[in-house]
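Residue strings, one per chain:
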Amino acid sequence: MKRSVAVCAGAGLVALPFVYHQPYPLHILIVILIWSFAYTSWSMMGRFGLVSLGHGGFMGIGAYVTALAWNHGGVSPWFGIPVALVAGGVLAVLVAYPCFRFRITGHYFALVTLALSGIVLQVITATRDHTGGSLGYTPTRYQGGSSLYALQFTGKTTWYLIALSVWAAGLYAWHRVDRSMTRYALEAISEDEDGAAAAGVHVTAEKLKITVLSAMMTALAGALYCQYQMFISPDTVSGISISLQMVFAVVVGGIYVSLGPTVGAVITILLAEVLRISFGTRAVGWDNLVYGVLLVLFIVFLPKGILGSLLGLRRRAAPAAPPRAQTGAA
Amino acid sequence: MPILDVYLLEALINGVLLGGVLALISLGLNLVFGVIDVVWICYAELIMFGMYGMYFLYSVFHWPILAAAALCIVGVGALGVLLHVIVIAPLLGAAPINQLLATGGVLFFLQSAATVMFGIEFRNLGLRLPVLKAAGMFISYSRLLAFGAALIGMVAVYLFLRRTYTGAAIRAIAQDRQIMTLMGVDSRRIYVVTSALGGALAGLASCLLVLLYDVHPFVGLTFGPITFLICVLGGLGNFVGGAVAAFVFAELISLGGLYLDLEWGYVFAFVFFIVMMFVRPEGLMARRS
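This is a predicted model, so every value here is computed, not measured.

Asks: Would you mind showing me how to read the overall build of chain B here?
Replies: Looking only at helices and strands, chain B features 12 helices and 2 strands. Sequence-ordered secondary structure for chain B, helices as α and strands as β, is α-α-α-α-β-β-α-α-α-α-α-α-α-α. A globule of 289 residues ought to have a C-alpha radius of gyration of about 19 Å, and chain B, at 19 Å, matches this closely. If you line up chain B on its principal axes, its C-alpha atoms span 60 × 50 × 35 Å. For chain B, the proportion of its 289 residues judged to be buried stands at 55%. Pairs at least 24 residues apart make up 76% of the contacts formed inside chain B by residues separated by at least 6 positions. As displayed, chain B has an accessible area near 12100 Å², and 70% of this comes from carbon and sulfur atoms.

In structure tokens:
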């Protein structure tokens, strides 16, 4: 039953651009899908109480390594993106391994990772001779516009399908983790590290695995964003505000459910777009104003997020289904 | 090139002066961090509002500068109390990370409230203070003034914490949260006083920073992150450690800026922070969550 609903919804999403191809709504959908994937990547570790404020850094690495490899080395994104993912993974290990080894947890972990996103932002700005600094950076257009080799497409439909498949792959990864022993290990760790270790869980290794996975997925989101928008700047793909934006969207959507980050992305991006269209330049700042108030309200009143709370209500209405334990810190 | 040339000396002195201001900023955050065990991610945004307050009172309404500064200190102190009562108090029992995220929401709110109300133009007081020329070095009076006022502010807070009953209660709560409520200290009242004090320090910092930097809604991001790192590096609730860390960071930024770029100074400071977290985790942090 659940599977058939998912298959139907998936088929509908794949068929959409062939039936309906207005460029602007498709653009919004693509942006939503890319950010949903980024937010899902963050929630892979965030749902286990590993709150990272460094994911802006991983996203920036993904975007800039891919673009720099293409512009300076002539390396196709087909090779550049894997290199960017490895770079993101290595950076994650460099920072996260000592953190986990020395048991830096909770808001100390958040602050160390905050320093990481600060470093990436400042390095991008400081190496302005190569990266364009805060003015931003554009991957060179391949002659002719669209090219599979350069991973550059002018058609929105192609991009929609790419973003859709990456987003679906992200959800698949989420479910794979959800059904693995890793999930139980990490839930145990988020409740009590010593207890988990005593029960035979390799705390550092389990945390490191999920962190590297999450970081590499975020780097992929950054690379994808770069290839689609063809323009990146330190403020749009890296830094502390992007890190906070990820946390915020996930908390609003629902941190413990697979579609929570997606719901968060839909809400935040639609809110920004609606305000922008209805108020134009007068709306500058209003979207973040509403975000900020919502974030505070959600953490105080609805820590499970919109989707999480809705599903919780439905589950309470149908007592046959066993309630799933909600563990860890939101 | 001599080892101690005049540029190096100038950078060192400017580093010390910057360190004083950073120490003052981190003192307020450290106080809140150490006593209430909450990270005000939006601390730098409180300072930004204070800077706007100074700008409007002094440049637009033509108040005398000391009166403007006094009102800013009181006003930002009140903002600190509001932040505590509205956002932090309902979350005191929640996971620490939720409190951190909620103040992240306040950060978004304050930034965009400033954008909506004041626009994104850079503004400054238009106050031209002379530059001190000594032995071939250029040191601006505004930096000296900020440094001096930061020192006075820190001494005042130190005396308050050491010499008054409330100050003793604040230090006691920072040492042991559970036991002090049993000793008859009303921790809620102490939290409000601490928030007011933390806010007032942010207000004082804003009066000094407005002499050095232009105000715009995102000015908080330029010195906010470094402030958290100083607090963590110095040790939770360890005010002396925080001051030492502030001077180390300021020298790193200043010297990095001398030899390379200002951004590289920040990179060195961030890298230094991460390395120190690994090298001396227990020595640098008084408590862990």
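Let us keep going from here.
Asks: Before we go on, may I ask you to explain the overall build of chain A in this structure?
Replies: Across its full length, chain A holds 15 helices and 0 strands. For 330 residues, the compact-globule estimate of 2.2 N^0.38 gives 20 Å, and the C-alpha radius of gyration of chain A, at 20 Å, lies within 12% of that figure. Projected onto the principal axes, the alpha-carbon positions of chain A cover approximately 60 × 45 × 40 Å. Expressed as a percentage of its 330 residues, the buried residues of chain A come to 54%. For chain A, the share of sequence-separated contacts (at least 6 apart) that also reach a separation of at least 24 residues comes to 77%. Accessible surface, chain A: about 14200 Å² in total, of which carbon and sulfur atoms supply 69%. For chain A, the centre of its 20 positive side-chain charges and the centre of its 11 negative side-chain charges are spaced 9 Å apart.

Asks: Which parts of the structure should I look at to understand the state of the cysteines?
Replies: A disulfide bridge is the covalent bond that connects two cysteines by way of their sulfur atoms. A full pass over the atoms with the stated rule returns 0 disulfides over all chains. Cysteine 99 of chain A takes part in no disulfide bond, and the closest cysteine sulfur to it belongs to cysteine 231 of chain B, at a distance of 18 Å. We note that cysteine 72 of chain B lacks a disulfide partner, and the nearest cysteine sulfur, in cysteine 207 of chain B, lies 5.0 Å from it.

Asks: Sorry, what's going on with the packing of helix α7 (residues 156–178) of chain A against helix α10 (residues 203–229) of chain A here?
Replies: To characterise two packed helices, one gives the angle between the axes of the helices and the distance between these axes. Residue and element names in this part refer to chain A. In contact at an axis separation of 12 Å, α7 and α10 are set at 175° when each is read in the N-to-C sense. In terms of axis orientation, α7 runs roughly antiparallel to α10. On the side of α7, the interface is formed by Lys156, Trp159, Ile162, Val166, Gly170, Ala173 and Val177, while α10 contributes Ile210, Leu213, Met217, Leu220, Leu224, Gln227 and Tyr228. Of the residues assigned to the contact of α7 with α10, the class counts are 11 nonpolar, 2 polar and 1 charged.

Asks: I keep staring at helix α2 (residues 23–46) of chain A and nothing clicks. Help me out?
Replies: Along an α-helix, a turn takes 3.6 residues, which lines up residues three or four apart on a common side. For α2 of chain A, spanning 24 residues, the distance from its first C-alpha to its last is 34 Å, which sits close to the expected 34 Å at 1.5 Å a residue. In terms of burial, α2 of chain A is largely enclosed, as 19 of its 24 residues are buried.

Asks: Help me out: how do you make sense of the packing of aromatic side chains in this one?
Replies: Aromatic ring pairs: the centre-centre distance and the angle between the two ring planes describe each pair. Per the stated rule, a full pass over the model turns up 14 aromatic pairs over all chains. Grouped by ring-pair contacts, the aromatic residues Phe49, Tyr52, Tyr55, Phe56 and Phe118 of chain B constitute a single cluster. Sitting over the ring of tyrosine 184 of chain A, arginine 183 of chain A keeps its end group 5.0 Å from the ring centre.

Asks: How do you make sense of the packing of helix α3 (residues 65–88) of chain B against helix α8 (residues 187–212) of chain B when you look at a structure like this?
Replies: Residue and element names in this part refer to chain B. For the pair α3 and α8, the least separation of the axes is 7 Å and the interaxial angle reads 140°. If you check the angle between α3 and α8, you find them oblique. Two packed elements cross with a definite hand, and for α3 against α8 that hand is right-handed. Every residue of α8 that contacts α3 at Ala69, Cys72, Ile73, Val76, Gly77, Gly80, Val81 and His84 is listed here: Tyr191, Val192, Ser195, Ala196, Gly199, Ala200, Ala202, Gly203, Leu204 and Cys207. Here the contact of α3 with α8 is composed, by residue class, of 12 nonpolar, 6 polar and no charged.

Asks: What is the right way to read helix α4 (residues 77–101) of chain A from this model?
Replies: With 25 residues, α4 of chain A should reach 36 Å at 1.5 Å per residue; the first-to-last C-alpha distance of 34 Å fits that figure. Just beyond α4 of chain A, the residue with positive phi is arginine 103 of chain A, at close to 55°.

Asks: What should I look at first to understand the side chain of threonine 227 of chain B in this one?
Replies: All names here are of chain B. Checked against the element boundaries, threonine 227 lands in helix α9 (residues 220–234). Threonine 227 gets classed as buried once you look at its relative accessible area, which sits at 2%. Sequence-distant contacts of threonine 227, defined by excluding residues within four places in its chain, comprise Ile25, Ser26 and Leu29.

Asks: Help me understand the environment of glycine 200 of chain A in this model?
Replies: Tracing the sequence through the fold places glycine 200 of chain A in the loop between α9 (193–198) and α10. When the C-alpha positions of glycine 200 of chain A and arginine 179 of chain A are compared, they lie 19 Å apart, and in sequence the two are 21 residues distant.

Asks: What exactly am I supposed to notice about the confidence of the model for chain B here?
Replies: When pLDDT is low, close inspection of the predicted coordinates is not appropriate. Residue and element names in this part refer to chain B. Averaged over all residues, the pLDDT of chain B equals 81, while 92% of them reach at least 70. When pLDDT is averaged over each element of chain B, α3 comes out on top at 90 and helix α12 (residues 281–284) at the bottom at 53. In this model, residues 285–289 is a region of pLDDT below 50 whose contacts with residues beyond four sequence positions or in other chains number 22 contacts. Across the whole predicted complex the pTM is 0.82, and at the interface the ipTM reaches 0.75.

Asks: Explain empty space enclosed by the protein to me, please; I cannot follow it from the model alone.
Replies: To find leftover empty space, one rolls a probe the size of a water molecule over the atoms. Here the structure, examined in full by the defined rule, presents 4 cavities of 30 Å³ or more. A volume near 70 Å³ is recorded for the largest cavity. Lining the largest cavity are Leu114, Ile240 and Leu244 of chain A together with Ile41, Ala44, Glu45, Leu107, Gly220, Leu221, Gly224, Pro225 and Phe228 of chain B. Mapped onto the lining of the largest cavity, the elements with two or more residues apiece are α12 (240–253) of chain A together with α2 (43–60) and α9 of chain B. If you tally residues by element for the lining of the largest cavity, the top one is α9 of chain B, at 5 residues. Looking at the lining of the largest cavity residue by residue, the classes come out as 9 nonpolar, 2 polar and 1 charged.

Asks: Sorry if this is basic, but what is going on with the nonpolar core here?
Replies: Within soluble globular proteins, side chains that are nonpolar tend to cluster in buried spots. Grouped together as the largest cluster of nonpolar side chains are 194 residues, with contacts concentrated most on Trp35 and Ile232 of chain A together with Ile25, Trp40, Ile47, Ile226 and Phe273 of chain B. Of all the elements, α2 of chain A adds the most residues to this core, at 14 residues.

Asks: It is not clear to me how the interface of chain B and chain A should be interpreted in this structure. Could you clarify?
Replies: The parts lose accessible area when they come together, and the size of an interface is often stated as this lost area. Of the residues lining the interface, 44 residues belong to chain B; the matching set on chain A comes to 47 residues. Approximately 4000 Å² of surface area, both sides summed, lies buried where chain B meets chain A, with 81% of it carried by carbon and sulfur atoms. Per-residue buried area on chain B facing chain A is highest for Leu101, Phe108 and Phe278 of chain B; these three make up 18% of the total on that side. The tally of links between chain B and chain A comes to 0 salt bridges. Across the chain B-chain A interface, the total number found is 1 residue pair in polar contact (both at pLDDT 80 or more). If one sorts the elements of the side of chain B that touches chain A by residue count, helix α4 (residues 96–118) of chain B sits on top with 16 residues. Looking at the side of chain B that touches chain A residue by residue, the classes come out as 33 nonpolar, 6 polar and 5 charged.

Cut-offs and rules
- Residues numbered from 1 in each chain as written.
- Chains lettered and ligands numbered in written order.
- Predicted model: local features only at pLDDT ≥ 70, side-chain atom pairs only at ≥ 80, totals over all residues.
- Heavy atoms only, no water.
- Helix = DSSP H or I, 4+ residues; strand = E, 2+ residues; numbered from the N terminus.
- Rg over C-alpha atoms; globule rule 2.2 N^0.38 Å.
- Buried < 20%, exposed > 50% of the residue type's maximum accessible area, 1.4 Å probe, protein only.
- Contact = heavy atoms within 4.5 Å.
- Areas by Shrake-Rupley, 256 points an atom, 1.4 Å probe, with all protein chains shown as cover.
- Lys, Arg positive; Asp, Glu negative; His and termini not counted.
- Charge placed at Lys NZ, Arg CZ, Asp CG, Glu CD.
- Disulfide = S-S within 2.5 Å.
- Axes fitted to C-alpha atoms, helices over the stretch in contact; angles between N-to-C directions.
- Parallel < 35°, antiparallel > 145°, perpendicular 65-115°, else oblique.
- Nonpolar A, V, L, I, M, F, W, Y, C, P; charged D, E, K, R; others polar.
- Expected span 1.5 Å × (residues − 1).
- Phe/Tyr/Trp six-rings, centres within 6.5 Å; stacked < 30°, edge-to-face > 60°.
- Lys NZ or Arg CZ within 6 Å of the ring centre and 35° of its normal.
- Left-handed = near helix turned anticlockwise from the far one by under 90°.
- pLDDT = per-residue confidence, 0-100.
- 1 Å grid on protein atoms, 1.4 Å probe; cavity = no way out; pocket = protein on both sides within 12 Å on 5 of 7 lines; lining within 4 Å.
- Points joined across faces, edges and corners; volume = space filled by probe spheres on them.
- Core = buried A, V, L, I, M, F, W, Y, C linked by side-chain atoms within 4.5 Å.
- Buried area = accessible area lost by both parts, 1.4 Å probe.
- Salt bridge = Lys/Arg side-chain N within 4 Å of Asp/Glu carboxyl O.
- Polar contact = N/O pair within 3.5 Å; in protein donor to acceptor, adjacent residues only side chain to side chain.

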